[in-house]
Amino acid sequence: MVGVCQSLSAGGWMNSGILIRILGPMSGLSLALLLIGVLAARYIERQQHEQSQLIHREFRGMLVIEDLYVKMRDIRWECSLFERSGDRRHLETVTGLLNASRVPLNAAGEAARTVEELQLIRNVEQGFESFARQFRELAAEQQSPQPGRLRVLIDDQLTRSEEHTSELQSHLNLVCRL
């Protein structure tokens with residue numbers, strides 16, 4: 001009986017050694033694969049976050065440019081109403097729109113990602129500032145500004161700013177579609 005117990009005991013140790021030699025590397029490999037999986041998941045999460053931030057910035061830029069374009073269109077409309085009616089309330093509305101346009105102009109500068117976008121925004125800003133300055137001079141006159149002078153100002157300054165804004169819209173829409 002003692003011989004059988006020693007024999008089983010020796011066979012048990014032998015089987016345990018084989019198990020350790022097999023399970024040791026398998027456990028190590030399993031842990032290494034688990035670590036690689038965790039690192040890969042973390043990397044993908046970081047990439048998704050960066051892409052989400054990029055999409056958010058592009059979308060915000062599109063909204064800002066669209067808002068600016070709408071304000072310019074509204075300015076043009078109010079000037080057109082003034083030309084038809086001579087009612088100075090339309091000039092006051094334009095002044096309010098000019099003041100409100102500072103917010104999207106500043107936001108557009110912050111949303112620019114490329115040198116080209118930044119240059120287009122600066123062009124819009126310069127034309128818009130020039131229009132605003134000359135418009136305020138016209139609106140400050142005691143008598144109502146002549147519609148022809150206002151039309152020249154719109155055609156000269158505001159139209160150029162609208163064209164640059166349209167370029168920004170098409171560029172931003174192209175980037176967003178990609």
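The structure we're discussing is the one just above.
None of the values given here were measured: they were computed from a predicted structure.

### Let's talk about a nonpolar patch on the surface
- A contiguous nonpolar surface patch, about 460 Å² in accessible area, is contributed by I18, L19, I22, L23 and M26.
- Structurally, M26 can be placed in helix α1 (residues 2-85).
- M26 sits in the partly exposed class, given a relative accessible area of 48%.

### A short note on the environment of W77
- Inspection of the secondary structure assignment puts W77 in helix α1.
- C-alpha of W77 to C-alpha of V94: the two residues are 17 residues apart in sequence and 9.1 Å apart in space.

### A few points about the nonpolar core
- By size, the foremost hydrophobic cluster in this structure holds 20 residues, and its most contacted members are I75, C79, L98, F131, F135 and L150.
- Contributing elements (two or more residues each) for this core: α1, α2 (89-100), α4 (115-140) and α5 (147-177).
- Among the elements that take part in this core, α4 stands out by supplying seven residues, more than any other.

### Quick word on the side chain of E125
- With respect to the element layout, E125 can be found in helix α4.
- Residue class for E125 comes out buried when judged on its relative accessible area of 16%.
- Among all residues touching E125, those that are not within four sequence positions of it are R102, L105 and N106.

Criteria and cut-off values
- Residues numbered from 1 in each chain as written.
- Predicted model: local features only at pLDDT ≥ 70, side-chain atom pairs only at ≥ 80, totals over all residues.
- Heavy atoms only, no water.
- Patch = residues over 30% accessible without salt bridge, like charges linked within 9 Å, V, L, I, M, F, W, Y side chains within 5 Å.
- Areas by Shrake-Rupley, 256 points an atom, 1.4 Å probe, with all protein chains shown as cover.
- Salt bridge = Lys/Arg side-chain N within 4 Å of Asp/Glu carboxyl O.
- Helix = DSSP H or I, 4+ residues; strand = E, 2+ residues; numbered from the N terminus.
- Buried < 20%, exposed > 50% of the residue type's maximum accessible area, 1.4 Å probe, protein only.
- Core = buried A, V, L, I, M, F, W, Y, C linked by side-chain atoms within 4.5 Å.
- Contact = heavy atoms within 4.5 Å.

In short, shape yes, function no, at least from these values alone.
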